[in-house]
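What follows is each chain in one-letter form.
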Amino acid sequence: MASSTNSAHEAATGVFPPFDPSTFGSQLLWLALTFAALYILMSKVALPRIGEILEVRRDRIEGDLAEAERLKQKTDQAIKSYEAELADAKQKAHNIAEETRDSIRADLEKKRAKVEADLAKKMAAAENDIRETKEAAMGHVEEIASDTALAIVTNIVGRTAQKATKDAVAKVVKG
Amino acid sequence: MANDPIKQFKITDIFTIGGAGEGETGGFEIAFTNSALFMVITVVSISAFLILSTRGRGLVPGRLQLLSEMLYEFVANMVRSSAGTEGMKFFPFVFSLFMFVLVANLFGMVPYFFTVTSHIIVTFALAMLVISVVIIYGFMRNGLGFLKLFVPAGVPGYVLPIVIPIEIVSFLSRPISLSVRLFANMLAGHITLKVFAGFIVSLSSLGAVGVLGATLPFAMTVALTALEFLVSALQAYVFAVLTSMYLNDAIHPSH
């Protein structure tokens, strides 16, 4: 190669290559060009693209998570409404049983009350009869007694003192 | 001398543009050197990889796309954690720096390849670019408030005459430390590798005993190669992290 450059020349004379100023210009120039190219490619093409990929993925994941959360809430709601329904049904069944039991008990109670009232009435009537009979009997006692007394007196005395007998009997009875 | 550990850093022209001949034209002679070639290879590799691997825009990434996404998120998290959300406007810049340094370092690990970042002028130019961005954006955003960078908050007034010069010196030394750190790491690593690899050759030329003895530098070379791969990635990371932190200073000067 015909390019007998300064750097080759000076390296031969013992200058430590990294400190050889004759190469600085070229290195700086190419560094500027290549680094500028890299910066432009990175900032305009590569990094926005990777950033977009990551963003899309994050959005997607967040969306999926939100969807999962939504579905979970829906499930929870369904479970809750199912449980409410179940509790309701249980309550209803319980109510029906209770009502039936109550109505049967009420019916029973009514019938028993009726029967008892009936019995009481009958008993009262019977007692009434007994009392009336007794009263009637008691009413007759005086008469019978006076009659008996009169008969006894007539038999014994031979004459009748109706009025006096009656009075005496009445006196006894009353006494 | 084939074993010269310095030769790998030599810059040679591949072809030249302009300048009809040596020392003749008044115009510029632009040399396309091995350094320039590897800069181009670096940039083309990065761009091709990132652009081609994401071509499918897969919702579920393939392996290559996943690698691109991991690089993106790695640098994005780095910038966000050190420079905040506002620092994300510099994300393409930091990403380009990180990828450029990383890939240039890693290409340097391939035998016979030129290491772009082993030249102080390249790392210094990158560091100056960072500091220029920091200074220009710092003044654009904060005006003279950017100078508060040199006045740490909560420092009593009578200490300020001492603290402010220290802060200024530390700020001015940033591009130097940033560039020398990367340059020296790459340079020293490659020289060490070359020296140990050279021992293998010179020892094994001494016969059977020499070959036996050469196993030691050989093991050393293997270990150093692994270390150098680590250093390559680590220095790219350090460069990018420091860049993010300096950019943070430009955004929030009063720390």
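In this text the structure is predicted, and so the values were computed from the model without any measurement.

Rules used in this analysis
- Residues numbered from 1 in each chain as written.
- Chains lettered and ligands numbered in written order.
- Predicted model: local features only at pLDDT ≥ 70, side-chain atom pairs only at ≥ 80, totals over all residues.
- Heavy atoms only, no water.
- Helix = DSSP H or I, 4+ residues; strand = E, 2+ residues; numbered from the N terminus.
- Buried < 20%, exposed > 50% of the residue type's maximum accessible area, 1.4 Å probe, protein only.
- Areas by Shrake-Rupley, 256 points an atom, 1.4 Å probe, with all protein chains shown as cover.
- UniProt positions renumbered as here; feature names shortened; annotations may be inferred.
- Phe/Tyr/Trp six-rings, centres within 6.5 Å; stacked < 30°, edge-to-face > 60°.
- Expected span 1.5 Å × (residues − 1).
- Axes fitted to C-alpha atoms, helices over the stretch in contact; angles between N-to-C directions.
- Parallel < 35°, antiparallel > 145°, perpendicular 65-115°, else oblique.
- Left-handed = near helix turned anticlockwise from the far one by under 90°.
- Contact = heavy atoms within 4.5 Å.
- Nonpolar A, V, L, I, M, F, W, Y, C, P; charged D, E, K, R; others polar.
- 1 Å grid on protein atoms, 1.4 Å probe; cavity = no way out; pocket = protein on both sides within 12 Å on 5 of 7 lines; lining within 4 Å.
- Points joined across faces, edges and corners; volume = space filled by probe spheres on them.
- pLDDT = per-residue confidence, 0-100.

Each helix and strand in chain A was counted, giving three helices and zero strands. Secondary structure of chain A in N-to-C order comes out as α-α-α. Here chain A, with 175 residues, has 17% of them falling under the buried criterion. Summed over all atoms, the accessible surface of chain A reaches about 13,300 Å², with 61% contributed by carbon and sulfur.

Our focus in this paragraph is the UniProt feature "transmembrane region" (unreviewed entry) in chain A. Mapped onto this numbering, the UniProt entry gives "transmembrane region" (unreviewed entry) at residues 28-47 of chain A. Helix and strand shares over residues 28-47 of chain A are 100% and 0% respectively, and the end C-alpha atoms of the span are 25 Å apart.

A complete count under the given rule lists 17 aromatic pairs over all chains for this structure. Taking the centre distance of 4.9 Å and the plane angle of 50° together, the rings of B:F38 and B:F113 count as tilted. In this pair, B:F38 sits in helix α1 (residues 34-53) while B:F113 sits in the loop between α3 (91-108) and α4 (120-142), placing the two residues 75 residues apart along the sequence. Accessibility expressed as a relative area gives 9% for B:F38, which makes it buried. These aromatic residues form a ring-pair network of at least three members: A:F35, A:Y39, B:F93 and B:F100.

The next subject is α1(B). With 20 residues, α1(B) extends 28 Å between its outermost C-alpha atoms, agreeing within 8% with the 28 Å of an ideal straight helix rising 1.5 Å per residue. Residues of α1(B) that are buried include every one of B:N34, B:S35, B:A36, B:F38, B:M39, B:T42, B:V43, B:I46, B:S47, B:L50, B:I51 and B:S53, and no others.

The next subject is the packing of helix α2 (residues 63-83) of chain B against α3(B). Residue and element names in this part refer to chain B. Axis separation between α2 and α3 bottoms out at 10 Å; the angle between their running directions is 120°. With respect to α3, the element α2 is oriented oblique. Crossing of α2 over α3 shows right-handed handedness. Facing L71, Y72, F74, V75, A76, M78 and V79 of α2, the residues of α3 in contact are F91, V94, F95, F98 and M99. Here the contact of α2 with α3 is built from residues that sort into 12 nonpolar, no polar and no charged.

For the rest of this paragraph, the subject is the layout of surface pockets. All names here are of chain B. Considering only enclosed or pocket space, the largest pocket measures out at about 780 Å³ in volume. Taken together, 23 residues line the largest pocket, and the ones lying closest to its centre are Q8, P111, Y112, F113 and K194. Tallying contributions element by element places helix α5 (residues 160-204) first for the lining of the largest pocket, with six residues. Here the lining of the largest pocket is built from residues that sort into 11 nonpolar, nine polar and three charged.

This next bit is on the environment of A:L38. By secondary structure assignment, the location of A:L38 is in helix α2 (residues 24-157). Assessed through its relative accessible area of 0%, A:L38 is described here as buried. Other than its neighbours up to four places away in sequence, A:L38 contacts B:V43, B:I46, B:S47, B:S96 and B:F100.

This next bit is on the confidence of the model for chain A. All names here are of chain A. Summing up the model confidence of chain A, the mean pLDDT is 85 and the portion of residues at 70 or higher is 89%. When pLDDT is averaged over each helix and strand of chain A, the minimum, 43, is found for helix α1 (residues 6-12) and the maximum, 91, for α2. Note on residues 1-12: pLDDT under 50 across the span, and 16 contacts to partners over four residues away in sequence or across chains.

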